[in-house]
Amino acid sequence: FLPQRKKQRDCLINLKIQKENPKVVNEIDIEDLRSTNVCYCRCWRSKTFPVCDKSHIKHNELTGDNVGPLILKKKIL
Ligand code: FES
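This one's a predicted model, so the numbers in the text were calculated from it and none came from an experiment.

Trainee: Looking at this structure, how should I read the pairing of strand β1 (residues 37-40)?
Mentor: On a regular strand, one side chain projects to one face of the sheet and the next to the other, so that they alternate. With burial as the criterion, only one face of β1 is covered, namely that bearing Val 38 and Tyr 40; the residues Asn 37 and Cys 39 on the opposite face remain uncovered. Sheet topology places β1 next to strand β2 (residues 70-73); four bridges connect them, and they run antiparallel. Paired with Tyr 40 across the bridge in β2 is Leu 70.

Trainee: What's the story with the confidence of the model for the protein chain in this structure? I'm lost.
Mentor: As a general rule, the predicted coordinates of low-pLDDT regions are not to be interpreted in detail. Scored by pLDDT, the protein chain has a mean of 88; 95% of the residues are at 70 or more. When pLDDT is averaged over each helix and strand of the protein chain, the minimum, 70, is found for helix α1 (residues 3-9) and the maximum, 96, for helix α2 (residues 55-63). Interface confidence for the predicted complex, expressed as ipTM, amounts to 0.99; the pTM equals 0.80.

Trainee: For this particular structure, what's the right way to read unusual backbone geometry?
Mentor: The general pattern is negative phi for most residues beyond glycine and trans for most peptide bonds. In the segment running from Phe 49 into Pro 50, the intervening peptide bond is cis, with an omega of 15 degrees. On the secondary structure map, Pro 50 appears in the loop between β1 and α2. One non-glycine residue, Lys 54, lies in positive phi territory at about 70 degrees. Examined against the element boundaries, Lys 54 turns out to sit in the loop between β1 and α2.

Trainee: Please explain the state of the cysteines as it appears in this structure.
Mentor: As used here, a disulfide is simply a covalent bond connecting the sulfur atoms of two cysteines. The tally for this structure, following the rule as stated, stands at zero disulfides. Take Cys 39: it sits in no disulfide, and the sulfur closest to it among the cysteines is that of Cys 52, at 5.6 Å. Look at Cys 39 and you get partly exposed, because its relative accessible area is 26%.

Trainee: How should the side chain of Ser 46 be read in this particular structure?
Mentor: With respect to the element layout, Ser 46 can be found in the loop between β1 and α2. Residue classification places Ser 46 among the buried residues on the basis of a relative accessible area of 6%. Side-chain polar atoms of Ser 46 contact the backbone nitrogen of Phe 49, separated by 3.3 Å. In contact with Ser 46, not counting residues within four places along its chain, are Ile 17, Cys 41, Val 51, Cys 52, Asp 53 and Ser 55.

Trainee: Would you mind showing me how to read the nonpolar core here?
Mentor: The nonpolar side chains of a soluble globular protein tend to be buried, and buried together. Of all hydrophobic cores here, the largest spans five residues; its members are Ile 17, Val 24, Cys 41, Cys 43 and Phe 49. Setting aside anything within four residues of it in sequence, one finds Ile 17 in contact with Val 24, Trp 44, Ser 46 and Phe 49.

Trainee: Would you take a moment to explain the packing of aromatic side chains for this structure?
Mentor: Here the distance between the centres and the angle between the planes together describe a pair of aromatic rings. For the structure shown, the criterion picks out one aromatic pair. Between the aromatic rings of Trp 44 and Phe 49, the centroid separation amounts to 4.7 Å while the plane-to-plane angle is 25 degrees, which identifies the pairing as stacked.

Cut-offs applied
- Residues numbered from 1 in each chain as written.
- Predicted model: local features only at pLDDT ≥ 70, side-chain atom pairs only at ≥ 80, totals over all residues.
- Heavy atoms only, no water.
- Buried < 20%, exposed > 50% of the residue type's maximum accessible area, 1.4 Å probe, protein only.
- Helix = DSSP H or I, 4+ residues; strand = E, 2+ residues; numbered from the N terminus.
- Pairing = 2+ DSSP bridges.
- pLDDT = per-residue confidence, 0-100.
- Disulfide = S-S within 2.5 Å.
- Polar contact = N/O pair within 3.5 Å; in protein donor to acceptor, adjacent residues only side chain to side chain.
- Contact = heavy atoms within 4.5 Å.
- Core = buried A, V, L, I, M, F, W, Y, C linked by side-chain atoms within 4.5 Å.
- Phe/Tyr/Trp six-rings, centres within 6.5 Å; stacked < 30°, edge-to-face > 60°.

Okay, structure coming up:
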């Protein structure tokens, strides 16, 4: 790697999720949400990505970061 490229690699957010793909995109149809609350990972450490498995807690403890999930709430009408 060129020095600049290596420097950018050292800052990777996504360490292991779908690395075979040039871009990780997840599409969720809101109408398909079964439960009233669904948490989606934003730390890229979840073993159940794109769903949060609370791995962000360990990540935050180890790094001092402050990331957490995106929580979608479904209104019950
Ligand atoms: Fe990534 Fe919770 S596991 S935000």
